[in-house]
Amino acid sequence: MQAPTSARSSSSHFRAAEPVDRAAAELELLVLHATHDKRGIDPRLRDLPELTKPPFASFATYSLLENVRLPLRRGEKATHRLPNGRTLGAELLGVEPNGAVRLSASISEPGGNAFLPLLEVRAKVGQRFIVAGQGYRRGILVLVLTLAR
Amino acid sequence: MKLNDETLMLFHDGELDAERARAVRVGRLHHSEVTARLEALGVLGDAVRSWAEETGVDAAFERRRAARRVGRRRALGLGATLLAAVLAVPGTVPTLRRAGVGNAPADPVPSTRGEPRVRSSPVAVEAVDFGAHPGAVFEVEGDAMGETTVVWLDDASADLGTL
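All chains use their own residue numbering, which begins from 1 and follows the written sequence. The order in which chains are written sets their letters, starting at A; the order in which ligands are written sets their numbers, starting at 1. Only residues with pLDDT of at least 70 are given local features in this predicted model, and only at 80 or more are side-chain atom pairs given and counted; all residues enter the totals for whole chains, interfaces and linings. Excluded from the side-chain calculations are hydrogens and water; all other atoms, namely the structure's heavy atoms, are used.

1. Some points on the sheet that holds strand β4 (residues 135–141) of chain B
- We call two strands paired when DSSP finds no fewer than two bridges between them. Counting from the N terminus, the helices are DSSP H or I runs at least four residues long and the strands are E runs at least two residues long. Here we have six strands laid out as an open sheet, ordered β3(A)-β2(A)-β9(A)-β8(A)-β5(B)-β4(B), and mixed in their pairing. Every interior strand has two partners, whereas the edge strands, β3 (61–72) of chain A together with β4 of chain B, have only one. When the angles between neighbouring strand axes are averaged without regard to direction, this sheet yields 25 degrees.
- Relative to strand β9 (residues 139–147) of chain A, strand β2 (residues 25–35) of chain A runs antiparallel, the two being bridged by nine bridges. Counterpart to Leu29 of chain A in the pairing with β9 of chain A is Leu145 of chain A. The angle between two axes is taken between their N-to-C directions and runs from 0 to 180 degrees, where each axis is a line fitted to C-alpha atoms and a helix contributes only its stretch in contact.

What follows is the structure, given as structure tokens:
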């Protein structure tokens, strides 16, 4: 499991000193590996019925690679390095009066080029969305992002 | 034979000649990467077709394709053609959506039947830029509380190898 990092941070010391509970919102990230091996779905993922529905049902195996929490702050991008070497970034854009949170996400290549330049979503606490399809070790990565608070 | 995306998309559309289709089937048997890639392209192709049907792009594209058909060695399937067109013009990838996705309100929508319960609208995708890669936004059935928004990325980095 890797700790989330901040775009403003430059050292692991700073990362460790950045508590999640100071964030305005928090994103839970599950990194899953989907393959066609015959090993089934990790029991820890039983609360994700989406994995048994098309198109996800076409993969026979889902394993949980990582479970991390990304603190969301306005004007500050939290980042997390994915198993395929790319980096997921997320940033708080705003909180609406009804409690809905607007956030942006992006995925960049190791060299810094954008793979997914921009994704902006509006979600409420407890809601999740999935970013899937990146190739990884004879399968794909499935990123399950839930607005935790 | 190198199984690139175009070949696999043509196979998905049933438009490969018998010899090359056999090579893909063999590849699928022995290389899980081929199956995974076919699945990914199938999802994307379905989304492209859905988007094309909704927007009428397919009809316009068919007219242009028919005009160019003379002299072409082969005709690509709609999915492959649209996908190729999308791939060929970075930055012009459409935001592929299915009905009900997009700027739907994030507020709960009360159910009017059966047990009183609240079904949440899915997470609303307000903007997406897939960059140089095609992609799709759609929904899948989630838990009892509603559907889940999915952003599907077409990643050509998967190495399918040479068969």
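Having seen the model, we can carry on.
2. A look at the packing of aromatic side chains
- Stacked, tilted and edge-to-face are the three classes assigned to paired rings of Phe, Tyr and Trp, where Trp is represented by its six-membered ring and a pair needs centres within 6.5 Å; plane angles under 30 degrees give stacked, over 60 edge-to-face, the rest tilted. The tally for this structure, following the rule as stated, stands at three aromatic pairs over all chains.
- Residues Phe59 of chain A and Tyr62 of chain A carry aromatic rings whose centres are separated by 6.5 Å and whose planes lie at 75 degrees to one another, so their mutual orientation is edge-to-face.
- Relative accessibility thresholds used throughout: buried, under 20% of the residue-type maximum; exposed, over 50%; partly exposed, between the two (1.4 Å probe, protein chains only). Owing to a relative accessible area of 3%, Phe59 of chain A belongs among the buried residues under this scheme.
- Here Tyr62 of chain A falls in the buried class, since its relative accessible area comes to 1%.
- Ring-pair connections join several aromatic residues into one group, and the members of that group are Phe56 of chain A together with Phe138 and Trp152 of chain B.
- Placement of a charge over a ring requires the Lys NZ or Arg CZ to be within 6 Å of the ring centre, with the centre-to-atom vector within 35 degrees of the ring normal. A cation sits over an aromatic face here: Arg86 of chain A above Phe115 of chain A, 3.8 Å from the ring centre.

3. Here we look at the pattern of salt bridges
All names here are of chain A.
- We define a salt bridge as a side-chain nitrogen of Lys or Arg found within 4 Å of a carboxyl oxygen belonging to Asp or Glu. Scanning the model with the defined rule gives 12 salt bridges over all chains in all.
- A salt bridge links Arg149 to Glu26, with the nearest nitrogen and oxygen atoms 3.3 Å apart. Placement of the pair is Arg149 in the segment after β9 and Glu26 in strand β2, with a sequence separation of 123 residues.
- A salt bridge links Glu50 to Arg128; the nearest nitrogen and oxygen atoms lie 2.9 Å apart. Remark: Arg128 occurs in strand β8 (residues 128–136) and Glu50 occurs in the loop between β2 and β3; sequence separation between them is 78 residues. Accessibility classification places Glu50 together with Arg128 in one group, the buried group.

4. A short note on the pairing of strand β7 (residues 114–123) of chain A
Residue and element names in this part refer to chain A.
- Counting buried residues in β7 gives seven out of 10 residues, a clear majority hidden from the surface.
- Bridge count for strand β6 (residues 101–108) against β7 is seven bridges, and the pairing is antiparallel. By the bridge assignment for β7, Ser104 is matched with Glu120.
- Counting the residues between successive antiparallel strands, the hairpin from β6 to β7 contains five residues, one of them, Gly112, with a positive phi of roughly 105 degrees.

5. A word on the nonpolar core
- Only buried residues count toward a nonpolar core. Its members are Ala, Val, Leu, Ile, Met, Phe, Trp, Tyr and Cys residues joined through side-chain atoms within 4.5 Å. Within the largest apolar cluster, 35 residues are counted, with the highest numbers of intra-cluster contacts made by Ile107, Leu119 and Val131 of chain A.
- No other element matches the five residues that β7 of chain A contributes to this core.
- Note on contacts: a residue pair qualifies if any of its non-hydrogen atoms lie within 4.5 Å across the two residues. When sequence neighbours within four positions are dropped, the list of residues in contact with Val131 of chain A reads Ile107, Leu119, Leu141, Val142, Leu143 and Leu145 of chain A together with Val151 and Leu153 of chain B.
- Counting 21 residues, the second-largest nonpolar core is a separate cluster that includes Leu48, Phe56 and Leu64 of chain A together with Ala136 of chain B.

6. Overview of the interface of chain B and chain A
- At the junction of the two partners, chain B supplies 38 residues and chain A supplies 34 residues.
- Both sides of the chain B and chain A interface together cover about 3100 Å² of buried area, and 60% of this is carbon and sulfur.
- As used here, buried area is the combined drop in accessible area, with a 1.4 Å probe, of two parts when they are placed together. Ranking the residues of chain B by area buried against chain A places Val123, Glu126 and Leu153 of chain B at the top, with a combined share of 20%.
- Here chain B is connected to chain A by three salt bridges.
- Linking Glu126 of chain B and Arg102 of chain A is a salt bridge whose minimum nitrogen-to-oxygen distance equals 2.9 Å.
- In the analysis that follows, any N or O atom pair within 3.5 Å is treated as a polar contact, provided that within protein one partner can donate a hydrogen and the other can accept it, and provided that, for residues neighboring in sequence, both atoms belong to side chains. Remark: the boundary between chain B and chain A carries 13 residue pairs in polar contact (both at pLDDT 80 or more).
- Mapped onto the side of chain B that touches chain A, the elements with two or more residues apiece are α3 (32–55), β3 (124–129), β4 and β5 (147–153) of chain B.
- Here the side of chain B that touches chain A is composed, by residue class, of 19 nonpolar, 10 polar and nine charged.
- With four bridges connecting them, β8 of chain A and β5 of chain B associate as parallel partners. The partner of Val131 of chain A across the bridge, within β5 of chain B, is Val151 of chain B. Residue polarity follows a fixed list, in which Ala, Val, Leu, Ile, Met, Phe, Trp, Tyr, Cys and Pro are nonpolar, Asp, Glu, Lys and Arg are charged, and the others, Gly among them, are polar.

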